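Analysis of the macromolecular model
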Amino acid sequence: MVDRVVILGAGISGVGAAILARKQGFIVFISDNNPIKKKHKNILEKHQVEWEEGKHTLDKMLNASEIIVSPGIPEDSGIIIDLKKYNVSIISEIEFAFRYTNARIVAITGSNGKTTTTLLLGHILKKAGFDVLIAGNVGVSFSASIALRDYQYIVLEISSFQLERIKGFRSELAIILNITPDHLDRYSNSFEKYVATKFKITKNQTESDFLIYNIDSKTVSKVKTNAKKIPISLHKYVPEGAFMENNNIKINLNNKNMTIQELALQGKHNAFNCMAAAVAARVFEVKDSIIRQSMIDFQNVEHRLEYVLTVHGIDFINDSKATNINACWYALESMHKDVIWIAGGVDKGNDYSQIQDLVEEKVKSIVCLGESNTNIISAFSKKVDSIVNALDMKDAIKQAYNIANKGEVVLLSPACASFDLFKNYEDRGLQFKQEVRNL
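In this report, we go over the structure that sits alongside the text. Remember, it's a predicted structure, so these values are computed and weren't measured experimentally.

What counts as what
Residues numbered from 1 in each chain as written. Predicted model: local features only at pLDDT ≥ 70, side-chain atom pairs only at ≥ 80, totals over all residues. Heavy atoms only, no water. Buried < 20%, exposed > 50% of the residue type's maximum accessible area, 1.4 Å probe, protein only. Helix = DSSP H or I, 4+ residues; strand = E, 2+ residues; numbered from the N terminus. Arc of directions from axis to C-beta. Contact = heavy atoms within 4.5 Å. Pairing = 2+ DSSP bridges. Axes fitted to C-alpha atoms, helices over the stretch in contact; angles between N-to-C directions. Salt bridge = Lys/Arg side-chain N within 4 Å of Asp/Glu carboxyl O.

Regarding helix 8 (residues 191-198)
- Those residues of helix 8 lying buried are Tyr-194, Val-195, Thr-197 and Lys-198. Seen along its axis, helix 8 keeps its buried residues to an arc of 160°; they face one direction.
- Of the surrounding elements, those touching the buried residues of helix 8 are strand 6 (104-109), helix 5 (114-127) and helix 7 (160-163).

Okay, structure coming up:
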């Protein structure tokens, strides 16, 4: 008898799992409480996958050998609560895909910086001539990729949502960059639950594996693991690992030392991302010269401190991916000109006191974009010259441009989610770039 797999959620993750499950010979049923995109329906039909949309039919799920749940579906959703009553095995897509690869896996998590670090490490390994897949939370399905072929190395960006339902998933090398309050609405407003979920990335590691971690973070430093721990620090010397010295990255590993002087990415947070990627590359014995060259020619991820244009001496920087306070702090910290800051959106419980001193130092004016303006105005009205409200991105760019002077910078770094005025942070960033080009 052929096993039957049920998949909840028909986005990139769910459809990818369906493709892999069919390749492995499973009967597959996919269910989405929302409408399924036409392009995804076409893929499902091509692979002979039965699907439903706009509902979850419990009776169609109870004879499944396993339920694969997409990351966007929380533990307290009705269908998950119902399924748990029947003691059915519930796993994540990365757990499922992991079973069908022989690759050496790197898993990267953190509240901020994980996309940049994932892409940078992938770039280094590819430059070294390795056969590399970059997948996970970067928008490429782990499962769908593995369904096509296996790889020598797989570099995965993994969110807390993806880690919630792992069981046997294990990476040879894990990286925890930082953990700051984010998505707490998903975790009963408990930072401790969020941290515990992030720490699952090292849950199944063994003594032969490696964990690169942020020793500067009191939270991350508490991680318990069987893996060999390799610390990285912006602030202090570490005898084995990586640290900053006179704006250069110093790496000590396996009795070998190297220094990286030039970086394509600017700002302290990117120095940290570069350290993590460089140490990981050294674990895999990539040559120093390749690591250095990769650090020089790497192109940063779109929507993360992305330079757009200079218009009449005013720089425009797109940091739409900064959806929390910590990410925004890093963006402001890296600015060396007076800032007109475009901020706001869906506030996830931000504590703006964390950046008040930095705003007072760096920001001349704030343009509020979105529904959560009250908290921003309350936090910064006495810290900046002016605060104005914008109706949409076109209005925000117009007002910021009128406020800014030559030699200043307009920075979109919202510190909030985007779902009030935009489809997602990518849509917000693309609209920002288009309106800047329209000036």
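So much for the structure itself; the text now carries on.
Thoughts on the sheet that holds strand 4 (residues 66-69)
- Pairing within the open sheet is parallel, and its five strands lie in the order 3-2-1-4-5. Of all strands in the sheet, those with a lone pairing partner are strand 3 (50-53) and strand 5 (90-92), marking the two edges. Between one strand axis and the next, the sheet turns through 25° on average, direction left out of account.
- Where helix 1 (residues 12-23) meets the sheet, it contacts strand 1 (4-8), strand 2 (27-32) and strand 4, and its direction lies at approximately 170° from that of strand 2.

Description of the environment of Met-61
- For Met-61, the location among the structural elements is in the loop between strand 3 and strand 4.
- Along the sequence, Met-61 and Phe-210 sit 149 residues apart, while their C-alpha atoms lie 38 Å from each other.
- Those residues in contact with Met-61, other than ones at most four positions away along the chain, are Arg-4, Val-6, Leu-8, Ser-31, Glu-52, His-56, Ile-67, Ile-79 and Leu-83.

Describing the environment of Leu-163
- One can find Leu-163 in helix 7.
- Distance in space between the C-alpha atoms of Leu-163 and Phe-29 is 23 Å, their sequence separation being 134 residues.
- If we ignore the near neighbours within four places in the chain, the residues touching Leu-163 are Thr-109, Ile-158, Thr-197, Lys-198, Lys-200 and Ile-201.

So, the pattern of salt bridges
- For the structure shown, the criterion picks out 17 salt bridges.
- Where Lys-433 meets Glu-306, a salt bridge forms, and the shortest distance between an N and an O atom there is 2.9 Å. Of this pair, Lys-433 sits in helix 15 (residues 425-437) while Glu-306 sits in strand 15 (residues 306-311), and the two are 127 residues apart along the sequence. An identical accessibility class is assigned to Lys-433 and Glu-306; each is buried.
- Overlapping salt bridges, with partners in common, bring together Glu-75, Lys-84 and Arg-165 in one network.

Re unusual backbone geometry
- Non-glycine residue Asn-255 carries a positive phi angle of around 65°.
- Its place among the elements puts Asn-255 in the loop between strand 13 (248-253) and strand 14 (256-260).
- Look at Asn-255 and you get exposed, because its relative accessible area is 84%.
- Even without being a glycine, Glu-285 presents a positive backbone phi close to 60°.
- Mapped onto the secondary structure, Glu-285 falls in the loop between helix 9 (268-283) and helix 10 (288-297).

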